[in-house]
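Fold and contact review
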Amino acid sequence: NRRDMCHYMKKHQIPYLTHEEMKRPLKNIVSALKMIHGAGYLHNDVQPTSLLVERKNGSQSFKIKLGGFAKVMPQEFAAQVKESPASNLYRAPEVHAGEPRSPASDVWSLGVTLYVMSTGRFPFKSKHAILNNPVNWTANDVDHLSTKFI
């Protein structure tokens, strides 16, 4: 049974994932991005809807894998494409500013994805906030994340 992470969390009424639930999938997702980037490509759509959840029938455990490969493109073409397929709040500041994407853009999107999955909300509320104040975390946000991941 395979669904995307966004659907899975809504269906099972999971507000956020715990450190233990995120640790192993994070390694897999980072490894997949490293492989894509190492081959000279960009994913361009890292967000919860691009993460596939695989759960065996009757089991409480699940696996998370990176999917959404329809928007993958060679890095050398990234400068020619002005729009990003990623949803607005997952896009990196340089993408919002109309600059070329790079592997760092995928990493930014992964960071936002992990923040959303671990807190249940976005770190900022608009494209304007991303461009003008991308790190808009409160002390409570940092404490919450550090207790889960450090």
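The model shown is predicted, which means the values in this text are computed figures rather than measured ones.

What the protein chain contains, in helices and strands, is six helices and five strands. From first element to last, N terminus to C terminus, the protein chain shows the α and β order β-α-α-β-β-β-β-α-α-α-α. Contacts in the protein chain between residues at least 24 apart in sequence constitute 65% of all its contacts with a sequence separation of at least 6. Accessible surface, the protein chain: about 8800 Å² in total, of which carbon and sulfur atoms supply 56%.

Our next topic: helix α2 (residues 19-38). With 20 residues, α2 extends 28 Å between its outermost C-alpha atoms, agreeing within 8% with the 28 Å of an ideal straight helix rising 1.5 Å per residue. The largest bend along α2 reaches roughly 30° and is located at Pro25. Along α2, the residues classified as buried are Met22, Pro25, Ile29, Ala32, Leu33, Ile36 and His37.

We now examine the confidence of the model for the protein chain. Averaged over every residue, the pLDDT of the protein chain is 76; the share at 70 or more is 76%. Strand β2 (residues 41-42) holds the highest mean pLDDT among the elements of the protein chain, 90, whereas helix α6 (residues 139-149) holds the lowest, 51.

In this section: the pairing of strand β3 (residues 51-54). Burial of β3 is one-sided: the residues Leu51 and Val53 facing one way are buried, the residues Leu52 and Glu54 facing the other way are not. Summarising the sheet, β3 and strand β4 (residues 63-66) pair through four bridges and their orientation is antiparallel. Following the sheet pairing, Glu54 is matched in β4 by Lys63.

Look at helix α4 (residues 103-119): 24 Å from first C-alpha to last across 17 residues, which is about the 24 Å you get at 1.5 Å a residue. Every buried residue of α4 is listed here: Ser105, Asp106, Ser109, Leu110, Val112, Thr113, Leu114, Tyr115, Val116, Met117, Ser118 and Thr119.

Okay, the nonpolar core next. Grouped together as the largest cluster of nonpolar side chains are 17 residues, with contacts concentrated most on Met5, Leu17, Leu51, Ile64, Leu66, Leu110 and Met117. For this core, the leading source of residues is α2, giving five residues. Excluding its chain neighbours within four sequence positions, the residues that come into contact with Met5 are Leu17, Pro48, Leu51, Val53, Ile64 and Met117. If you look at the next biggest cluster of nonpolar residues, it comprises six residues, including Val112, Val116, Ala129 and Ile130.

Our focus in this paragraph is the packing of aromatic side chains. If you walk through the whole model with that rule in mind, you get one aromatic pair. With centroids separated by 5.2 Å and ring planes inclined at 65°, the aromatic side chains of Tyr90 and Phe122 adopt a geometry described as edge-to-face. With Tyr90 in the loop between β5 (73-74) and α3 (93-96) and Phe122 in the loop between α4 and α5 (127-132), this pair connects stretches of sequence that are 32 residues apart. Assessed through its relative accessible area of 8%, Tyr90 is described here as buried. The class of Phe122 is partly exposed, set by a relative accessible area of 31%.

In this structure, Phe124 sits in the loop between α4 and α5. Taking relative accessible area as the criterion, Phe124 reaches 3% and is therefore assigned buried. Remark: the alpha-carbon pair of Phe124 and Val112, spanning 12 residues in sequence, is separated by 9.4 Å.

Moving on to the environment of Phe122. Residues Phe122 and Val112, 10 residues apart in the sequence, show an inter-C-alpha distance of 7.1 Å. Beyond its immediate chain neighbours, meaning those up to four positions away, Phe122 contacts Leu89, Tyr90, Val112, Tyr115 and Val116.

Cut-offs applied
Residues numbered from 1 in each chain as written. Predicted model: local features only at pLDDT ≥ 70, side-chain atom pairs only at ≥ 80, totals over all residues. Heavy atoms only, no water. Helix = DSSP H or I, 4+ residues; strand = E, 2+ residues; numbered from the N terminus. Contact = heavy atoms within 4.5 Å. Areas by Shrake-Rupley, 256 points an atom, 1.4 Å probe, with all protein chains shown as cover. Expected span 1.5 Å × (residues − 1). Bend = angle between axes of the 7 residues up to and from the residue. Buried < 20%, exposed > 50% of the residue type's maximum accessible area, 1.4 Å probe, protein only. pLDDT = per-residue confidence, 0-100. Pairing = 2+ DSSP bridges. Core = buried A, V, L, I, M, F, W, Y, C linked by side-chain atoms within 4.5 Å. Phe/Tyr/Trp six-rings, centres within 6.5 Å; stacked < 30°, edge-to-face > 60°.

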